[in-house]
Each structure stands twice: as structure tokens, then as C-alpha cells.
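Listed here are the chains, written in short residue letters.
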Amino acid sequence: MPTLRTPAQLCEHGLAPPEHRAALKAVAARYAVALPPTLAALIDRQDPRDPIARQFVPSAAELDHKPEELSDPIGDDAHSPVAGIVHRYPDRVLLKLTHVCAVYCRFCFRREMVGPDKPNALAPAALAAALDYIRGRPEIWEVILTGGDPLVLSARRLRAVMKSLERIDHVKVVRIHTRVPIADPARITGDLVRAMKIKGKPTYVAVHVNNARELTAEARAACAALADAGMPLLAQSVLLAGVNDTPEVLGELMRALVECRIKPYYLHHGDLAPGTAHLRTDIATGQHVMRALHGRLSGLCQPTYVLDIPGGHGKSPIGPNYLERTGINGSEHVVIEDFNGQRHHYPPRD
Ligand code: SF4
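Residues numbered from 1 in each chain as written. Predicted model: local features only at pLDDT ≥ 70, side-chain atom pairs only at ≥ 80, totals over all residues. Heavy atoms only, no water.

**Some remarks on the sheet that holds strand E12 (residues 343-346)**
Formally: At least two DSSP bridges between two strands are required for those strands to pair. Put simply, DSSP marks the helices as runs of H or I at least four residues long and the strands as runs of E at least two long, and each gets a number from the N terminus on. The axes used here are C-alpha line fits, helices contributing only the stretch in contact, and every angle between their N-to-C directions lies in the interval 0 to 180 degrees.
With antiparallel pairing, three strands are arranged side by side in an open sheet as E10-E11-E12. For this open sheet the edge positions go to strand E10 (323-328) and E12, each flanked by a neighbour on one side alone. On average, each strand axis in the sheet is inclined to that of its neighbour by 25°, with strand direction left out of account. Relative to strand E11 (residues 331-337), E10 is paired through six bridges, and the arrangement is antiparallel. Looking at the pairing, Thr326 lines up with His333 of E11.

Structure follows, in C-alpha cells:
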């Protein structure tokens, strides 16, 4: 099966009902569609709420735009001094090399910016200007390659960028954000893995995974190849309605990630991307799920639940909160809740 890119192909392969075809054409005209065979094969066509389909098969609900939704929900544009760079926090920048992905997630916060009809990759002059920007700012300690998905680039192109970063002394860490090990694990070849590594600096790989079913044998082998090459692996997940918004499903994902040597890093609250309300939960649901994991799953399995504040103000942890401050006789005193819901004074009182 090829990568499915049109509503007609999705209908032909039983992944969308023919009566939805016209609505899905309107969705596809606005937001890119790509469903690679690895992920298409995971979808249970008999299950109308299949969590893999919910993430990747377009839905007519995407045409329902809510007033609070934003075309640039996390405010990339407000922090983009030159093409391809987002400089939001003092010590790190995003370097967006391409607008193309191996799969187009229906909840993507950059859905207005990614897709094959967007400019494919930073043109050489723009890439040189972006690297000059990094070179000229000694405060930039970390460079995060994102996109789009940087691992859709050829090993040759990626190697050239990595070598440029290797030569910038003040850049000490490179991080690559990707969905490729999940969506197209065959792309993780020895050549690509070698291109991701540079001398004297670690390359961290943040893999985007939302449901344990995405960790197929092929995906696990691709992640193992990255880990075996010495690259620390992190996971970023998005809390999504009907995909991972229960303690059981999210807990299963977190354990599966750790078993694959991938440390859960962030659990993102769903961003206010246009046409994604049907996939967003409320924050209370996220806090409930996180509270249920706390203490019951190993600390290795605990991500930080974060909200990217609309307008480009960055990420902040959003709980749940276990701490209540109480002043006792003018001294600081707190009451802290344990994983069983019992409350304790700190320092302890007689
Ligand atoms: S892989 Fe990342 S950038 Fe691409 S569509 Fe999915 S969430 Fe968006």
C-alpha cells in the first residue's frame, strides 16, 4: 500500500466512508493528508473510535473552527527573527528545516504551516542566514531541529546541517523532534543514524508517540537503533480525546515507552489549533489522568503535563497541584498530598 494522500484513497482502502468524501475533500484542501502504510495497517476498520484513525484520518469535524482557535496557536511567528528560526527562550532555538512530515497528525499545532504545498525546505540562502543567526548568539546552548519533520530529509542534507552545528562552539546540545521512527521506521537507516550524530555533543531525539499501539515491532527496532547509537531518547505525547485520555491507556503508553528506552518528557495539553476541538480534552481531564499515574507508575514513566500558552509565552506545567501553602505563626508551612490522596503537614506537626 502506498502512503494515502487523498480522500479517494482513504475511501478506497476502507478508512473513510464514501459518503464523507466531499467533506473530506474540503478538509484536505486546507490541511495536508498523509497516512503511511505502517500506520494505516494498525487501524481497526470496524472500530469507529479507533485511536490510530482518530489521530491520522481526516474528519469532517476539522471544518468546525471554534472562535478561540488560532492559526499559530503557540505563537511561533512572534518569535521568528529570521526564516526557519524560532527563538522563544533565551538559551535555545528551534531550527525548522522543512515543512514536510511523514504523516500529518489531525491535531497538529503547526497544521497551517506544514504540508507538501508549503515551501519544501529552507532554501540554501535562508539556511545559511539561520545558521548565521545561531553563530552570532553565544547564549544559544541548544538547537532543536523540528519542522515539519527533520528526519524526512536525506542523510546527506541532515549531515550537512549537523556538521554546521558541530562547528559552532557555544552550541552544546542538538535535539531532533520527529515522528519518523513511528510513521516510517524504514527511514531509520544506518546512514541516517550516522548523519544525526556529531562529535563532542549529544544528539537527543524526542519521539512523538500518543498511543502504545504506535510502538510496533518496526517502530521499536527503529528506536532501538537510535538508542544503540548512543542517542538519548525522549517522548513527547499530546493528550487527545479518545486516544490516550484515560489513566489505563496513558499508563500503558508510558510504560511501553520506558521499556523501549524512551523517557517520557512532556504530555502536552492539546493546542488551540483550528478544527481540533473534537480531539481536545479539558485541563481537568489531564490533571485527573496525571494524578492517577502519580505513585502508581514508576517515576521513569511520569511526563510533565504542560500547556503551551497561546501567543508565544512558552510552556508551563499545569499540574495537578499537590501543595498548599499555609502560614503558621508567620513561618512557612505547607500541606502536601500523597499519591493516596492523604494530606500531610510539612514540616510535620506534633
Ligand atoms: S509530525 Fe509533528 S509537525 Fe508533522 S503533522 Fe504531526 S505533529 Fe505536526
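**With respect to the pairing of strand E5 (residues 203-208)**
Heads up, the rule is: Remark: exposure states derive from per-residue accessible area (1.4 Å probe, protein chains only) relative to the maximum for the residue type, with buried under 20%, exposed over 50%, and partly exposed in between. Crossover handedness is defined here as right-handed if the route from the first strand over the helix to the second strand goes clockwise, with the strands pointing away from the viewer.
Across the six residues of E5, five count as buried, placing the element largely inside the fold. The pairing of strand E4 (residues 173-178) with E5 spans five bridges and is classified as parallel. Bridging across to E5, Val174 finds its partner in Thr203. For E5 and strand E6 (residues 233-238), the ladder comprises four bridges, and the chain directions are parallel. Across the sheet, residue Val205 finds its bridge partner in E6, namely Leu233. Crossover handedness for the path E5 to helix H9 (residues 217-228) to E6: right-handed.

**Describing the site of the ligand**
The criterion, for reference: If even one non-hydrogen atom of a residue comes within 4 Å of a molecule or strand, that residue is called near it. Residues were grouped as follows: Ala, Val, Leu, Ile, Met, Phe, Trp, Tyr, Cys and Pro as nonpolar; Asp, Glu, Lys and Arg as charged; and all remaining residues, including Gly, as polar.
Surrounding the ligand, one finds Cys101, Val103, Tyr104, Cys105, Cys108, Arg179 and His208. By residue class, the composition of the shell around the ligand is five nonpolar, one polar and one charged.

**Considerations on the packing of aromatic side chains**
Filter applied, for reference: Centre distance within 6.5 Å is the pairing criterion for rings of Phe, Tyr and Trp, where only the six-membered ring of Trp is used; planes under 30 degrees apart are then read as stacked, over 60 as edge-to-face, and the remainder as tilted. Charge over a ring is defined by NZ of Lys or CZ of Arg lying within 6 Å of the ring centre and within 35 degrees of the ring normal.
This structure, assessed with the given rule, holds one aromatic pair. With centroids separated by 4.1 Å and ring planes inclined at 25°, the aromatic side chains of Tyr265 and Tyr266 adopt a geometry described as stacked. Judged by its relative accessible area of 23%, Tyr265 falls in the partly exposed class. In this structure, Arg92 is placed above the aromatic ring of Tyr89, and the distance from its NZ or CZ to the ring centre is 4.0 Å. Between the NZ or CZ atom of Arg111 and the centre of the ring of Tyr31, over which it lies, the distance is 3.7 Å.

**What to know about the side chain of His268**
Using the following cut-off: In protein, a polar contact means a hydrogen-donor-capable atom and an acceptor-capable atom, both N or O and within 3.5 Å, with residues adjacent in sequence counting only if both atoms are side-chain atoms; elsewhere, any N or O pair within 3.5 Å suffices.
With respect to the helices and strands, the residue His268 is situated in strand E7 (residues 262-268). At 2.7 Å, the side chain of His268 and the side chain of Gln236 are in polar contact.

**What about the pattern of salt bridges?**
Here is the rule we go by: Criterion for a salt bridge: a side-chain nitrogen of Lys or Arg within 4 Å of a carboxyl oxygen of Asp or Glu.
Tallied over the full model, the rule gives 21 salt bridges. A salt bridge links Arg159 to Asp191, with the shortest nitrogen-to-oxygen separation between them at 2.9 Å. Of this pair, Arg159 sits in helix H6 (residues 155-166) while Asp191 sits in helix H8 (residues 190-196); the two residues are 32 residues apart in sequence, bridging distant segments of the chain. Its relative accessible area of 29% is what places Arg159 among the partly exposed residues. According to the relative accessible area criterion, Asp191 is partly exposed, its value standing at 37%.

Nothing here speaks to function; it is all geometry.
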